[in-house]
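Okay, here's what each chain looks like letter by letter:
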Amino acid sequence: MADQKRILILGGGYAGVWAGKILEKRFRKRDDVKITLIDKLPFHTLMTELHEVAGWRTEPESVQVPFRKIFATKKIDVVLDTVTGVELDRKLVKTERGEYAYDYLVVGFGAQPEFFGIPGVKENSFTLWSFDDAMKIRNHVEDVWTRAAAEPDPDKRRKLLTFVVAGAGFTGIEMFGELVEHRDVMCRKHHIDRSEVRIVNVEALPSILPILEEPLRAATEKYLAKHGAEMMLNTPIVGAEPGKVLLKDKGAIETETFIWTCGVSGSSFAAGLGLAKAERGRGRLQADSGMGAVGHPGVYVAGDNSFLLEDGKPVPQIVEAAHQTAEVAAANIIEEIEGTGKRHEFKSNFHGFMVSIGGRYAVANAGGMKSKGFIAMAMKHMINCWYLLNIAGVNQVWEYVKHEFLDMKNGRSFIGSFASYKVRGYWPLLLRMWLGLMWVMEGVNKIGEGWLAWGSGSKSGWMFSQGVVQAGQKVAEATSAASAEWVEGAETAVEATAAASGEWVEPAAEAVAAASEWVAEGAEAVAEGATQAFGKVWDLTQAIIPYDSGFVTWFRQTFMDGIFAFLPFQAFQLMIVAMEIGIGLALFGGLFTWVAAVASIGMCFVFTFSGMFAWDQLWFVFAGILMMGGAGRAFGFDNWMVPFLKRWWNGTKFARKWHFYGDDPSK
Ligand code: NAD
């Protein structure tokens, strides 16, 4: 398209994804605007949770949000490619696989670890600033524990069991907390005494977490000390050698694990693009107040690789800043394309900080509210869920809940193993089959009672109010016709009985006399006992909601009369019988178990609200809830059916658009 506007976003980090979402939402109906996002990875990394993966708290996938989830069905092209350069004059981005012309550019390449030129640190340390970094630490940590368990030489063993984290900023303390928590799990696994393990945090300043207030810092230090972590404050690291961290005035620490988390600089790649760099910005790109790159109209910088002074202070490299800088950049691109001439300016609105120390403890200052422990951790989870809901919908929140709670191993969450213990699929097997059988019997019994013998009138009249016209037939009439039939039958039976009774009256009279004597004796004993006991306390055969109660009457009149009044009772009865037998067979065989369980619970509710469900039947509902947890996949047809259905459903446009897919949107 000749006058098409091309927006190119470089990097799918916090800033790039946020800008992409805003721009796509605005321009999705305009064919003359094309948005492309380029990233060298197929997923967005949840940088703030990398320590969880590095410290074996969560699985690697927990910090990856695939772009195909974030932008499923959205009008934005995500290109998997590595940017190699930008020709600013020609407005052209070059990648390993091609070139992309742009009219508007958003540079969101993020940050990278800074080593401050300290000798040997870069070569001999691990960093924690990418998914790859987290995986390297994760694999290494597992390796050193395994090697230590098999190491008889005490010096080598000590070195393997010494872990050093440099820097007590957010990244350092979060990584440190994970290692401390993971230590207990590893000690149990490898039968290593905790006193053999040394986990040290080395910080140049006199205190940890300089950005937080004193009470929160003190609480963090106290928690760490209580869990056997070692803090070395006022201890700058001045160098590193293989297997050794060199400290100023305090000698060296021998270790196989040295993790460097002493701050970041702007992406060096972004710094080499030819855009203006900030003087005090450690390679970060200078932004004007509207997040434009100085001297290059149409080019915007956002997130960690941008630099802006606000009230004389640099905007921090935190997630909220990435979002807010991206919002300003996106807003200005929108104004430019729509030609309004309006200019948005950056104004920070940060809500605070949250730092987790392992999975069970956190400190937070959110919106001025300081908290620690349970509340701080709950807040951190809520904020994470809110973010995930915004970028990838309810599916990603569910994934998060699974990773952080439902699938959490070793109780490493603030609710321990409370939600993560799993019942194996075969335990509910017999209950599932029994529940199914109950429904089948219920349905078959209804047939036996004449529910499908249309000539005998409505058997389901109890669900409707008296006098309701059910498909042209008054329920009251139908019911009275049926009862007249019944009365006639009863009369005949009585007559026949009277005729027969003459023959056995005498012996029966004798038996009755003996029995009444026995009963009288029994009654005396019962009367005596009754003075001590108080008889049956709960009658569980009672309806949960009585049939003649106000609620049942309201429910019947509002729903049953309204919905079914014009449905022939034959159809209604056939439907009920078919549903009961269908639900029963499905549960029995474990086919469509989830749907059958929901239907089973639904039926129980309808019966309850109709005043026909007793307390001793309530187990139907609880068993149904249990069946919803995949009970049909153990020794049931769902073992084959569910994966098949999932593949189909995940490929539908509806599921992809609304993030209602299970696991993954791809087929
Ligand atoms: P940081 O700058 O916040 O902390 C680095 C720490 O390392 C400082 O305390 C510093 O004194 C210490 N240090 C520096 N040189 C040292 C040396 N030679 N020897 C010993 N200690 C030394 O860095 P970070 O923790 O890597 O975080 C980087 C950025 O990311 C920050 O802007 C931070 O706010 C942000 N971040 C935020 C969160 C969050 O919001 N939860 C999490 C992680 C990172």
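Residues numbered from 1 in each chain as written. Predicted model: local features only at pLDDT ≥ 70, side-chain atom pairs only at ≥ 80, totals over all residues. Heavy atoms only, no water.

Focus: the site of the ligand
Link 1 in the chain: Around the ligand, the structure places 23 residues, and the nearest of them are Phe170, Thr171, Glu203, Ala204 and Ile237.
Link 2 in the chain: The backbone of Ile237 places a nitrogen or oxygen atom 3.0 Å from a nitrogen atom of the ligand.
Link 3 in the chain: One of the backbone nitrogen or oxygen atoms of Gly263 is found 3.4 Å away from an oxygen atom of the ligand.
Link 4 in the chain: If the ligand stood free it would expose 840 Å²; the protein chains cover 81% of that surface.
Link 5 in the chain: Per element, the largest residue contribution to the shell around the ligand is three residues, and it comes from helix α7 (residues 170–190).
Link 6 in the chain: Broken down by class, the residue content of the shell around the ligand amounts to 14 nonpolar, seven polar and two charged. (Near = heavy atom within 4 Å. Polar contact = N/O pair within 3.5 Å; in protein donor to acceptor, adjacent residues only side chain to side chain. Areas by Shrake-Rupley, 256 points an atom, 1.4 Å probe, with all protein chains shown as cover. Helix = DSSP H or I, 4+ residues; strand = E, 2+ residues; numbered from the N terminus. Nonpolar A, V, L, I, M, F, W, Y, C, P; charged D, E, K, R; others polar.)

Quick look at the sheet that holds strand β12 (residues 162–166)
Link 1 in the chain: Judged by pairing direction, the sheet is parallel, and its five strands sit side by side in the order β11-β18-β12-β13-β14 without closing on themselves. Of all strands in the sheet, those bounded by a partner on one side alone are β11 (126–127) and β14 (230–232).
Link 2 in the chain: For β11 and strand β18 (residues 257–260), the ladder comprises two bridges, and the chain directions are parallel. Bridge pairing in β18 places Thr127 opposite Trp260.
Link 3 in the chain: The sheet strands contacting α7 are β12, β13 (198–202), β14 and β18, and the helix crosses β13 at an angle near 170 degrees. (Pairing = 2+ DSSP bridges. Contact = heavy atoms within 4.5 Å. Axes fitted to C-alpha atoms, helices over the stretch in contact; angles between N-to-C directions.)

A word on helix α10 (residues 319–338)
Link 1 in the chain: When the terminal C-alpha atoms of α10 are compared, their 28 Å separation across 20 residues agrees well with the 28 Å that a helix rising 1.5 Å per residue should span.
Link 2 in the chain: Following α10 by one or two positions, Gly339 adopts a phi angle in the positive range, close to 65 degrees. (Expected span 1.5 Å × (residues − 1).)

What to know about the packing of aromatic side chains
Link 1 in the chain: Enumeration over the complete set of coordinates arrives at 27 aromatic pairs.
Link 2 in the chain: Ring plane angle 80 degrees and centroid distance 6.2 Å describe the contact between Phe258 and Trp260, whose orientation is recorded as edge-to-face.
Link 3 in the chain: Under the relative-accessibility criterion, Trp260 is labelled buried at 3%.
Link 4 in the chain: Look at Trp649 and Phe654: their rings are 6.0 Å apart centre to centre, the planes differ by 55 degrees, and that puts the pair in the tilted class.
Link 5 in the chain: Residue Phe654 is classed as partly exposed on the basis of its relative accessible area of 46%.
Link 6 in the chain: Feature note: the residues Phe551, Trp554, Phe555, Phe559, Phe605 and Phe609 constitute an aromatic cluster, connected by ring pairs. (Phe/Tyr/Trp six-rings, centres within 6.5 Å; stacked < 30°, edge-to-face > 60°. Buried < 20%, exposed > 50% of the residue type's maximum accessible area, 1.4 Å probe, protein only.)

Some words on the sheet that holds strand β27 (residues 369–372)
Think of a sheet as strands paired side by side through backbone hydrogen bonds, with each pair either parallel or antiparallel.
Link 1 in the chain: Taken together, three strands build an open sheet; the order of strands is β25-β26-β27 and the sheet is antiparallel. Strands with a single pairing partner mark the edges of an open sheet, and in this sheet they are β25 (352–356) and β27. Put simply, the sheet's adjacent strands are angled 5 degrees from each other on average, direction ignored.
Link 2 in the chain: In the packing of helix α11 (residues 374–406) onto the sheet, contacts are made with β25, β26 (362–366) and β27, and the angle to β27 comes to roughly 110 degrees.

A few points about the pairing of strand β1 (residues 5–10)
Link 1 in the chain: As judged from the six bridges shared by β1 and strand β2 (residues 33–39), these two strands associate in the parallel manner. What sits directly across from Ile9, in β2, is Leu37.
Link 2 in the chain: Between the parallel elements β1 and β2, the chain passes through helix α1 (residues 14–27) in a crossover that is right-handed.
Link 3 in the chain: Across four bridges, the pairing between β1 and strand β9 (residues 104–107) is parallel. Opposite Leu8, over in β9, you have Leu105 as the bridge partner. (Right-handed = clockwise from strand over helix to strand, strands pointing away.)

Quick notes on the environment of Val33
Link 1 in the chain: Topologically, Val33 is positioned in strand β2.
Link 2 in the chain: Val33 sits 27 residues away from Arg6 along the chain, and the two C-alpha atoms are 6.0 Å apart.
Link 3 in the chain: Sequence-distant contacts of Val33, defined by excluding residues within four places in its chain, comprise Gln4, Lys5, Ile7, Phe27, Lys75 and Ile337.

So, the environment of Phe346
Link 1 in the chain: Structurally, Phe346 can be placed in the loop between α10 and β25.
Link 2 in the chain: We classify Phe346 as buried; its relative accessible area is 9%.
Link 3 in the chain: The contacts of Phe346, once residues within four sequence positions are left out, are Ser289, Met291, Leu308, Glu310, Val315, Gln324, Thr325 and Val328.

Examining the pattern of salt bridges
Between side chains of opposite charge, pairing is possible as soon as their charged atoms come close.
Link 1 in the chain: For the structure shown, the criterion picks out 34 salt bridges.
Link 2 in the chain: Residues Glu99 and Lys94 are paired through a salt bridge, measuring 3.8 Å at the closest nitrogen-oxygen approach.
Link 3 in the chain: Since its relative accessible area comes to 47%, Glu99 is described here as partly exposed.
Link 4 in the chain: The class of Lys94 is partly exposed, set by a relative accessible area of 29%.
Link 5 in the chain: Connected via shared salt-bridge partners are Glu52, Arg57, Glu178, Glu181, Arg360, Glu404 and Arg412. (Salt bridge = Lys/Arg side-chain N within 4 Å of Asp/Glu carboxyl O.)

Remarks on the side chain of Ser125
Link 1 in the chain: Here Ser125 shows up in the loop between α4 (121–124) and β11.
Link 2 in the chain: A polar side-chain atom of Ser125 sits 2.7 Å from the main-chain carbonyl oxygen of Val121.
Link 3 in the chain: Sequence-distant contacts of Ser125, defined by excluding residues within four places in its chain, comprise Phe115, Phe258 and Trp260.

Observations concerning the pairing of β13
Link 1 in the chain: Within β13, four of the five residues are buried, which leaves it mostly tucked inside the rest of the structure.
Link 2 in the chain: Pairing of β12 with β13, which is carried by five bridges, proceeds in the parallel orientation. By the bridge assignment for β13, Val165 is matched with Asn201.
Link 3 in the chain: As for the winding sense of the linkage, the β-α-β connection from β12 through α7 to β13 is right-handed.
Link 4 in the chain: As paired elements, β13 and β14 share three bridges and run parallel to each other. Bridged to Val202 within β14 is Met232.

Details of a nonpolar patch on the surface
Link 1 in the chain: A grouping of Leu431, Trp434, Leu437, Met441, Phe588, Trp619 and Leu626 is seen on the molecular surface, where their side chains present a nonpolar patch of about 590 Å² in accessible area.
Link 2 in the chain: The greatest single-element share of the nonpolar patch, amounting to four residues, is contributed by helix α12 (residues 429–448).
Link 3 in the chain: Assignment of secondary structure puts Trp619 in helix α17 (residues 619–627). (Patch = residues over 30% accessible without salt bridge, like charges linked within 9 Å, V, L, I, M, F, W, Y side chains within 5 Å.)

Remarks on the nonpolar core
Link 1 in the chain: Core analysis: the largest hydrophobic core is formed by 107 residues, its most contacted members being Ile7, Leu23, Val93, Leu105, Val107, Trp145 and Ile391.
Link 2 in the chain: Counting residues per element, this core draws most heavily on α10, at nine residues.
Link 3 in the chain: Three or more residues apiece are contributed to this core by two domains, here domain 1 (5–40 + 81–112 + 266–341) and domain 2 (115–262 + 356–421).
Link 4 in the chain: Each residue touching Trp145, except ones within four places of it in the same chain, is listed here: Leu161, Phe163, His182, Arg183, Met186, Cys187, His190, Ile192 and Val197.
Link 5 in the chain: Counting residues in each nonpolar core, the second largest holds 21 residues, with Val552, Cys604, Ala623 and Ala631 among its members. (Core = buried A, V, L, I, M, F, W, Y, C linked by side-chain atoms within 4.5 Å. Domains from an automatic or database assignment.)

Looking at the environment of Gly263
Link 1 in the chain: By secondary structure assignment, the location of Gly263 is in the loop between β18 and β19 (264–266).
Link 2 in the chain: Apart from the residues within four sequence positions on either side, Gly263 is in contact with Pro113, Glu114 and Arg282.

Focus: the side chain of Thr325
Link 1 in the chain: Within the secondary structure, Thr325 sits in helix α10.
Link 2 in the chain: Once residues lying within four places of it in the same chain are set aside, the contact partners of Thr325 are Met291, Ala302, Gly303, Ser306 and Phe346.

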